[in-house]
Amino acid sequence: MTYGITGIGYALGEPCSVAETVAAYTDDHKKIEDWGYRTYFRAPDDVGLTDLAAAAGEQALKRADIPADEVDLLILAMADIPEYLYWDPAVATQDKVGARHAEAQLINQACSSGVLGFDAAAGKFATHPDYRVALLITVNRVCEAYWNRMDSSTAITSDGAAAAVLVRGADSCRWLATEVISDGRYANVAYLPGGGAARPVTPDHPDPGRVGNPVDLMNEFLGHDLRAKVRFLRETRDNSHRVLEKACARAKVPVDDVCYVLHMNGTAQGLEEFSRDFHIPMDHTNAEVALDHGHLGCADQLFSLGKMLDDNRIPLGELVALTSTGNGMHWACTLLRV
């Protein structure tokens with residue numbers, strides 16, 4: 001069983017200058033300057049997560065020249081929270097797109113959700129031989145009451161979505177394999193303190209709090225033990241390599257044949273280190289896309305892939321790895337043959 005991407009679409013909030021708005025989010029202007037981002041995107045208050053998702057999905061279907069009512073499966077991958085709790089944003093997006101015959105599925109595993117969505121599609125194609133078209137939508141919409149765009153992550157967080165039309169048997173951008181490594185020891189590093197079943201919002205606890213700075217949270221979780229932090233960083237690096245190796249082994253392709261690796265839309269320094277670590281040139285990463293768009297949660301990899309394909313920056317036939325590190329923790333890799 002195989003499938004390929006026949007169309008990619010996007011939706012973004014409104015562009016914002018990092019330099020002109022940094023004071024609204026943090027006093028640490030030097031940190032933000034060192035990160036190297038030029039622009040991020042913020043959706044208007046009346047535009048929700050499913051609005052962005054539907055807009056990207058509609059554009060992807062238009063580019064693929066496939067009507068919405070021919071979609072058999074809609075997968076919504078997200079890293080944040082939707083407009084409402086006790087609510088299914090996947091089926092809400094299905095309705096907004098007009099994919100009335102499609103099964104709707106939700107994936108919400110932090111920044112790894114988008115990369116994992118390819119495997120979810122492969123599984124459904126394998127178990128449902130009548131499914132021909134899947135629509136994978138990856139989306140991020142920050143709730144600023146809970147999340148500081150410039151402090152609750154190690155990147156500047158943007159609002160946006162990217163969607164891919166996946167067609168059984170298509171050769172363009174053909175899916176080869178997806179692998180993931182999960183480690184629940186780190187599940188309690190970061191979370192919203194209130195609002196869940198453990199501490200509901202009540203008159204006694206009216207404020208659910210905010211997600212804190214991830215570096216501070218990890219240091220606290222590790223007991224401010226420098227050796228434990230070094231071990232964690234080494235483990236993160238090793239797992240990023242291991243998951244790529246596992247995906248290549250499953251696809252039966254040499255690791256050295258992977259010439260493009262699109263990771264999260266990280267900082268300039270982070271992507272330079274990533275480039276050196278994987279022995280690939282910077283222009284074979286998503287560095288330029290990242291600094292002009294910010295971190296789109298789980299949509300980074302698909303968004304970057306689409307933009308680089310639009311600009312003819314990835315030649316036909318090349319192997320591309322979409323990789324992610326997500327809270328939880330998860331390390332994920334999807335391999336595509338362009």
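Residues numbered from 1 in each chain as written. Predicted model: local features only at pLDDT ≥ 70, side-chain atom pairs only at ≥ 80, totals over all residues. Heavy atoms only, no water.

Chemist: Explanation requested: the environment of Glu-70 in the structure shown.
Modeler: Its location among the elements puts Glu-70 in the loop between helix 3 (49-64) and strand 4 (73-78). We classify Glu-70 as partly exposed; its relative accessible area is 35%. Spatially, the C-alpha atom of Glu-70 lies 9.7 Å from that of Tyr-131, the residues being 61 residues apart in sequence. Here Glu-70 is in contact with Arg-132 and Val-133, once residues within four sequence places are set aside. (Helix = DSSP H or I, 4+ residues; strand = E, 2+ residues; numbered from the N terminus. Buried < 20%, exposed > 50% of the residue type's maximum accessible area, 1.4 Å probe, protein only. Contact = heavy atoms within 4.5 Å.)

Chemist: Looking at this structure, I do not really get the side chain of Thr-50. What am I missing?
Modeler: Structurally, Thr-50 is set in helix 3. Judged by relative accessible area, which is 0%, Thr-50 ranks as buried. Within the structure, the side chain of Thr-50 is placed 2.7 Å from the side chain of Lys-96, a separation counted as a polar contact. (Polar contact = N/O pair within 3.5 Å; in protein donor to acceptor, adjacent residues only side chain to side chain.)

Chemist: Even after reading the chapter, I still don't get the side chain of Asp-183, so can you show me in this structure?
Modeler: Examined against the element boundaries, Asp-183 turns out to sit in the loop between strand 8 (174-182) and helix 6 (214-221). A polar contact is formed between the side chain of Asp-183 and the side chain of Arg-185, at a distance of 2.6 Å. Not counting the four nearest positions on each side in its chain, Asp-183 is found in contact with Glu-235, Gly-328, Met-329 and Trp-331.

Chemist: Would you mind showing me how to read the packing of aromatic side chains here?
Modeler: Scanning the model with the defined rule gives 9 aromatic pairs in all. Here the aromatic cluster, defined as three or more aromatic residues joined through ring pairs, consists of Tyr-3, Phe-125 and Trp-175. In this structure, Lys-307 packs its charged tip against the face of Tyr-10, placed 4.3 Å from the ring centre. (Phe/Tyr/Trp six-rings, centres within 6.5 Å; stacked < 30°, edge-to-face > 60°. Lys NZ or Arg CZ within 6 Å of the ring centre and 35° of its normal.)

Chemist: Any chance you could explain the pattern of salt bridges here in plain terms?
Modeler: A side chain with one charge may pair with a side chain of the opposite charge, provided their charged atoms come close. Across all of its chains, the model carries 21 salt bridges by this definition. A salt bridge links Arg-38 to Asp-292; the nearest nitrogen and oxygen atoms lie 2.7 Å apart. In this pair, Arg-38 sits in the loop between helix 2 (29-35) and strand 3 (39-42) while Asp-292 sits in helix 9 (residues 287-293), placing the two residues 254 residues apart along the sequence. Classification of Arg-38 as partly exposed rests on a relative accessible area of 38%. By relative accessible area, Asp-292 is classed as partly exposed at 30%. Linking Glu-144 and Arg-149 is a salt bridge whose minimum nitrogen-to-oxygen distance equals 2.3 Å. One connected set of salt bridges, linked through shared partners, spans Arg-42, Asp-45, Arg-141, Glu-144, Arg-149 and Asp-159. (Salt bridge = Lys/Arg side-chain N within 4 Å of Asp/Glu carboxyl O.)

Chemist: Explanation requested: the packing of helix 3 against helix 4 (residues 89-97) in the structure shown.
Modeler: For any two helices packed against each other, the geometry comes down to the angle between their axes and how far apart the axes lie. Running from N to C, helix 3 and helix 4 cross one another at 50°; their axes reach a closest spacing of 9 Å. As far as their axial angle goes, helix 4 and helix 3 are oblique. When you trace helix 3 past helix 4, the crossing you get is right-handed. Contacts between helix 3 and helix 4 involve Thr-50, Asp-51, Ala-53, Ala-54, Glu-58 and Leu-61 from the first element and Pro-89, Ala-92, Thr-93, Lys-96 and Val-97 from the second. Of the residues belonging to the contact of helix 3 with helix 4, the class tally is 6 nonpolar, 2 polar and 3 charged. (Axes fitted to C-alpha atoms, helices over the stretch in contact; angles between N-to-C directions. Parallel < 35°, antiparallel > 145°, perpendicular 65-115°, else oblique. Left-handed = near helix turned anticlockwise from the far one by under 90°. Nonpolar A, V, L, I, M, F, W, Y, C, P; charged D, E, K, R; others polar.)

Chemist: Even after reading the chapter, I still don't get helix 4, so can you show me in this structure?
Modeler: Given 3.6 residues per turn, any residue in an α-helix points the same way as the ones three and four places further on. For helix 4, the set of buried residues is Pro-89, Ala-90, Ala-92, Thr-93, Gln-94 and Val-97. In this fold, the buried residues of helix 4 make contact with helix 3, strand 4, strand 5 (103-107) and strand 6 (133-140). Put simply, Asp-88 is the residue that caps the front of helix 4, since its side-chain oxygen is 2.9 Å from the backbone nitrogen of Ala-90. Downstream of helix 4 by a residue or two, Gly-98 has a phi angle that is positive, lying close to 90°.

Chemist: Help me understand the nonpolar core in this model?
Modeler: A general tendency of soluble globular proteins is for nonpolar side chains to be buried together. Counting residues in each nonpolar core, the largest one holds 39 residues, and the members touching the most others are Tyr-3, Ile-5, Phe-118, Leu-166, Leu-305, Val-320 and Leu-322. With 29 residues, the next largest nonpolar core counts Ile-66, Val-71, Val-165 and Val-167 among its residues. (Core = buried A, V, L, I, M, F, W, Y, C linked by side-chain atoms within 4.5 Å.)

Chemist: Whenever I open this one, the pairing of strand 9 (residues 258-262) confuses me. Can you help?
Modeler: Strand residues, when the strand is regular, have side chains that alternate between the two faces of the sheet. Judged by how many residues are buried, strand 9 sits mostly within the fold: 4 of 5 residues are covered. By the bridge criterion, 4 bridges tie strand 9 to strand 10 (residues 319-326) in an arrangement that is parallel. Across the sheet, the residue bridging to Val-261 is Ala-321, located in strand 10. (Pairing = 2+ DSSP bridges.)

Chemist: Just checking my understanding: could you explain the state of the cysteines for this structure?
Modeler: Between two cysteines, a covalent bond joining their sulfur atoms is known as a disulfide. If you walk through the whole model with that rule in mind, you get 0 disulfides. A disulfide-free cysteine, Cys-16 has its sulfur positioned 16 Å from the sulfur of Cys-143, the nearest such atom. The class of Cys-16 is buried, set by a relative accessible area of 17%. Among the cysteines around Cys-143, which has no disulfide bond, Cys-111 carries the closest sulfur, lying 16 Å off. (Disulfide = S-S within 2.5 Å.)

Chemist: Sorry if this is basic, but what is going on with helix 7 (residues 226-251) here?
Modeler: For helix 7, spanning 26 residues, the distance from its first C-alpha to its last is 38 Å, which sits close to the expected 38 Å at 1.5 Å a residue. Ala-228, Phe-232, Glu-235, Thr-236, Asn-239, Ser-240, His-241, Val-243, Leu-244, Ala-247 and Cys-248 are the residues of helix 7 that are buried. Along its buried surface, helix 7 packs onto strand 8, helix 6, strand 9, helix 8 (268-277), strand 10 and strand 11 (330-337). Looking at the residues trailing helix 7, positive phi occurs at Lys-252, about 60°. (Expected span 1.5 Å × (residues − 1).)

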